[in-house]
Amino acid sequence: QVQLVESGGGLVQAGGSLRLSCAASRSIFSFNVMGWYRQAPGKQRELVATVTNGGSTNYADSVKGRFTVSRDNAKNTVYLQMNSLNPEDTADYYCHGRRTTVAGVNLEFWGQGTLVTVSS
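Anyway, here's the lowdown on the structure attached to this text.

Cut-offs applied
- Residues numbered from 1 in each chain as written.
- Predicted model: local features only at pLDDT ≥ 70, side-chain atom pairs only at ≥ 80, totals over all residues.
- Heavy atoms only, no water.
- Helix = DSSP H or I, 4+ residues; strand = E, 2+ residues; numbered from the N terminus.
- Rg over C-alpha atoms; globule rule 2.2 N^0.38 Å.
- Buried < 20%, exposed > 50% of the residue type's maximum accessible area, 1.4 Å probe, protein only.
- Phe/Tyr/Trp six-rings, centres within 6.5 Å; stacked < 30°, edge-to-face > 60°.
- Salt bridge = Lys/Arg side-chain N within 4 Å of Asp/Glu carboxyl O.
- Pairing = 2+ DSSP bridges.
- Core = buried A, V, L, I, M, F, W, Y, C linked by side-chain atoms within 4.5 Å.
- Contact = heavy atoms within 4.5 Å.

1. Points about the overall build of the protein
Within the protein, the regular secondary structure consists of zero helices and eleven strands. Its helices and strands taken in sequence order, the protein reads β-β-β-β-β-β-β-β-β-β-β from the N to the C terminus. Over its C-alpha trace the protein gives a radius of gyration of 14 Å, about what one expects of a compact globule, namely 14 Å for 120 residues. For the protein, the spread of C-alpha atoms along the three principal axes comes to 50 × 25 × 25 Å. Taken across its 120 residues, the protein has 42% of its residues classed as buried.

Written out as structure tokens, the structure reads:
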């Protein structure tokens with residue numbers, strides 16, 4: 001098991017920046033994919049950005065060019081740098097990790113979420 005703890009959320013004005021961090025309770029080296037999802041009030045949870053162990057990244061169209069996801073396996077931490085924030089980015093942001101076992105079973109882990117509020 002692993003616990004994922006997000007930090008860095010808060011209130012920011014439109015056009016501002018925030019950096020989210022996700023600290024894992026154990027090594028994330030074996031995690032194939034780490035990333036971030038978000039859920040706005042009344043909406044479904046959606047993918048924001050992911051990064052593989054090899055460093056490949058994937059972004060939702062709505063955040064491309066504004067957000068950057070990265071991981072530091074040595075620090076067991078995943079980051080989400082968010083720039084040019086707008087009110088549509090307001091949501092609870094969740095850290096996610098996926099590890100595939102030797103048997104080929106995918107194990108999914110989630111953090112508890114951190115709230116990002118962007119004021120206009």
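2. What about the packing of aromatic side chains?
For the structure shown, the criterion picks out two aromatic pairs. Between the aromatic rings of phenylalanine 31 and phenylalanine 109, the centroid separation amounts to 5.6 Å while the plane-to-plane angle is 55°, which identifies the pairing as tilted. Pair noted here: phenylalanine 31 is in the loop between β3 (18-24) and β4 (33-39) and phenylalanine 109 is in strand β10 (residues 106-110), with a separation of 78 residues, a long-range link. On the basis of relative accessible area, phenylalanine 31 is assigned to the buried category, the value being 1%. Accessibility expressed as a relative area gives 10% for phenylalanine 109, which makes it buried.

3. Details of the pattern of salt bridges
The final tally for this structure, using the stated rule, is four salt bridges. Aspartate 89 is the partner of arginine 38 in a salt bridge, and the nearest nitrogen-oxygen pair spans 2.9 Å. One end of the pair, arginine 38, is in strand β4; the other, aspartate 89, is in the loop between β8 (77-82) and β9 (91-100), with 51 residues separating them in the sequence. Each member of the pair, arginine 38 as well as aspartate 89, carries the same accessibility label: buried. A salt bridge links lysine 64 to aspartate 61; the shortest N-O distance between them is 3.1 Å.

4. A look at the pairing of β3
With five of its seven residues buried, β3 lies for the most part within the structure. Of the pairings in the sheet, the one linking strand β1 (residues 4-7) to β3 comprises four bridges and is antiparallel in character. Bridging from a neighbouring strand, valine 5 pairs with alanine 23 of β3. Judged from the six bridges that link them, β3 and β8 form a sheet pairing that is antiparallel. Note that in β8 the partner of leucine 18 across the bridge is methionine 82.

5. A look at the nonpolar core
By size, the foremost hydrophobic cluster in this structure holds 30 residues, and its most contacted members are Trp36, Leu80, Met82 and Tyr93. Elements that contribute at least two residues to this core include exactly β3, β4, β5 (46-52), β7 (67-72), β8, β9 and β11 (114-119). No other element matches the four residues that β3 contributes to this core. Sequence-distant contacts of leucine 80, that is, excluding residues within four places in its chain, are made with Leu18, Arg19, Leu20, Trp36, Val48, Ala49, Phe67, Thr68, Val69 and Tyr93.

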